[in-house]
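# Chain and residue survey
So you can see what is in the structure, the chains are spelled out below.
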Amino acid sequence: MPNLKKSSPHPYHVMIIAGEPSGDLHGSYLVRALHRKNPALTITGIGGDRMQAEGMSLFFHIRNLSVMGVWEVLGQIRTIKQAFSTFRHHLIQDRPNLLILIDYPGFNLKAAEFCHKQSIPVLYYVTPKVWAWNRSRLKKIKRYVDHAALIFPFEEAIYKKAGVPATFVGNPLVEQLCEDADATMEGKKNSERETISIGLLPGSRISEIKALLGVMLETGKQIHEASPNTVFLLSLAPSIQKSPEHLAVFNEILNTSGFQDHVEVVTAPSSHFFSRSDFLIAASGTVTLEAAIRGIPMVIIYKVSPLTAFFGRRFLKISHVGLPNIVANYGVVPELIQEDAEPDSITSTVMAIIESPRAMDRMGHRLKMLKHRLGGRGASVGVAHIALKMLQKRG
């Protein structure tokens with residue numbers, strides 16, 4: 001009589017590299033989806049607390065890897081080299097069946113090249129923003145990446161034209177926020193509060209804290225003087241809170257601002273922070289797209305070192321830097337970048353919006369519509385499906 005015993009899942013080894021807090025968040029959902037599809041998987045790599053909590057074994061933590069910009073990266077070059085050396089060692093000593101890369105292109109494209117030389121398949125999730133700048137990276141992606149999992153619908157045509165196997169899986173933020181985004185908007189609509197709550201989001205990198213926190217606090221001081229019925233929430237990112245050195249910088253800027261008594265520092269999850277915010281002054285980054293999906297009006301600001309700004313102006317291929325505006329392909333929210341990211345300019349821009357209920361409602365409605373452009377709520381499941389197909393193809 002034939003043996004009808006059900007076969008067990010194959011114990012593949014998947015290695016994942018995520019170098020930033022947003023990558024750790026997206027990676028945690030992916031690790032969960034992979035384990036649900038195949039509980040026998042061994043998952044190792046570079047990530048953060050969220051990925052580790054979902055069962056990934058870390059051989060390097062992202063805590064010291066999250067920097068942005070030419071000058072900022074130079075300051076962390078030793079740590080980045082150490083991380084890459086650790087990655088190479090583990091890849092050779094404990095050879096995975098598949099490498100999954102999440103964002104972090106400067107590091108991950110080199111990892112893809114090294115992995116390609118070892119004949120290990122590579123899946124890239126949250127691919128480099130080649131539509132914004134450095135289009136030449138497409139050549140490296142075509143050469144070293146076996147499949148790209150795309151998070152913006154307009155990326156498919158770019159990758160198809162370049163001859164890169166790719167699939168639009170949806171945006172991970174929609175997946176992560178879909179459940180409570182409508183509740184956030186409903187709360188705003190029904191709110192009759194006399195005060196307006198402004199959330200300050202200076203970023204999750206220490207370079208962003210140094211460049212933007214003081215500017216935001218001075219802006220808050222000016223807004224409060226012009227409109228005393230405003231209250232302020234200040235987001236303290238987990239990556240800053242968990243580093244004593246970075247937290248000390250944060251506290252020093254806050255405590256010398258002269259505005260610390262008017263600001264509530266919030267360490268709770270972003271869902272709690274956004275549910276209490278009527279308006280945002282936010283550093284450009286993934287968090288602005290998260291806020292956009294929730295329909296919260298905002299102004300986006302950003303400042304980098306002069307060297308980074310010089311190269312950015314020479315090589316950026318887009319007219320917007322904020323993700324909500326890039327996805328919408330027009331200026332849904334104001335952007336104040338570099339020289340324009342100063343308290344006077346930010347204050348006047350914010351006041352023009354928050355003092356006009358019509359402007360607030362119009363911006364909130366336009367932001368909420370962005371969610372429909374970003375696909376459904378199954379991004380991580382889609383990536384996990386692609387990953388397992390790649391593993392099965394290699395046997």
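Presented here is a report on the structure given in the accompanying data block. Given the structure is predicted, the values throughout are model-derived calculations rather than measurements. (Residues numbered from 1 in each chain as written. Predicted model: local features only at pLDDT ≥ 70, side-chain atom pairs only at ≥ 80, totals over all residues. Heavy atoms only, no water.)

## What about unusual backbone geometry?
A positive phi is found at Tyr-104, a non-glycine position, where the angle reads about 45°. Along the chain, Tyr-104 turns up in the loop between strand S4 (98–102) and helix H5 (105–117). Unusually for a residue other than glycine, Ser-119 sits at a positive phi of about 60°. Since its relative accessible area comes to 52%, Ser-119 is described here as exposed. (Helix = DSSP H or I, 4+ residues; strand = E, 2+ residues; numbered from the N terminus. Buried < 20%, exposed > 50% of the residue type's maximum accessible area, 1.4 Å probe, protein only.)

## A few points about the sheet that holds strand S12 (residues 298–302)
Overall, parallel pairing links the six strands, which are arranged S10-S9-S8-S11-S12-S13 in an open sheet. Looking at strand neighbours, the two that pair on one side only are strand S10 (263–266) and strand S13 (335–337), the edges of this open sheet. Pairwise comparison of adjacent strand axes, ignoring direction, gives a mean angle of 20° for this sheet. Of the strand pairs in this sheet, S12 and S13 are connected by three bridges, and their pairing is parallel. Across the sheet, the residue bridging to Ile-301 is Leu-336, located in S13. Against the sheet, helix H9 (residues 206–226) touches strand S8 (196–201), strand S9 (230–235), S10, strand S11 (279–283) and S12, its axis set at about 170° to S9. (Pairing = 2+ DSSP bridges. Axes fitted to C-alpha atoms, helices over the stretch in contact; angles between N-to-C directions. Contact = heavy atoms within 4.5 Å.)

## Description of the nonpolar core
Ile-16, Phe-87, Tyr-125 and Ile-281 are the most contacted members of the largest nonpolar core, which has 129 residues in total. In this view, Tyr-125 contacts His-26, Leu-30, Leu-101, Ile-102, Asp-103, Ala-149, Ile-151, Val-169, Pro-172, Ala-379, Ser-380 and Val-383; residues no more than four positions away in its chain are not counted. (Core = buried A, V, L, I, M, F, W, Y, C linked by side-chain atoms within 4.5 Å.)

## Some details on the packing of H9 against helix H11 (residues 244–255)
At a minimum axis distance of 10 Å, the contact between H9 and H11 shows a crossing angle of 15°. Here H9 lies roughly parallel to H11, going by the angle between them. Crossing angle aside, the handedness with which H9 passes H11 is right-handed. In this structure, H9 contributes Ile-206, Ile-209, Lys-210, Leu-213, Gly-214 and Leu-217 to the contact, and H11 contributes His-246, Val-249, Phe-250, Ile-253 and Leu-254. Of the residues contributing to the contact of H9 with H11, the split by class is eight nonpolar, two polar and one charged. (Parallel < 35°, antiparallel > 145°, perpendicular 65-115°, else oblique. Left-handed = near helix turned anticlockwise from the far one by under 90°. Nonpolar A, V, L, I, M, F, W, Y, C, P; charged D, E, K, R; others polar.)

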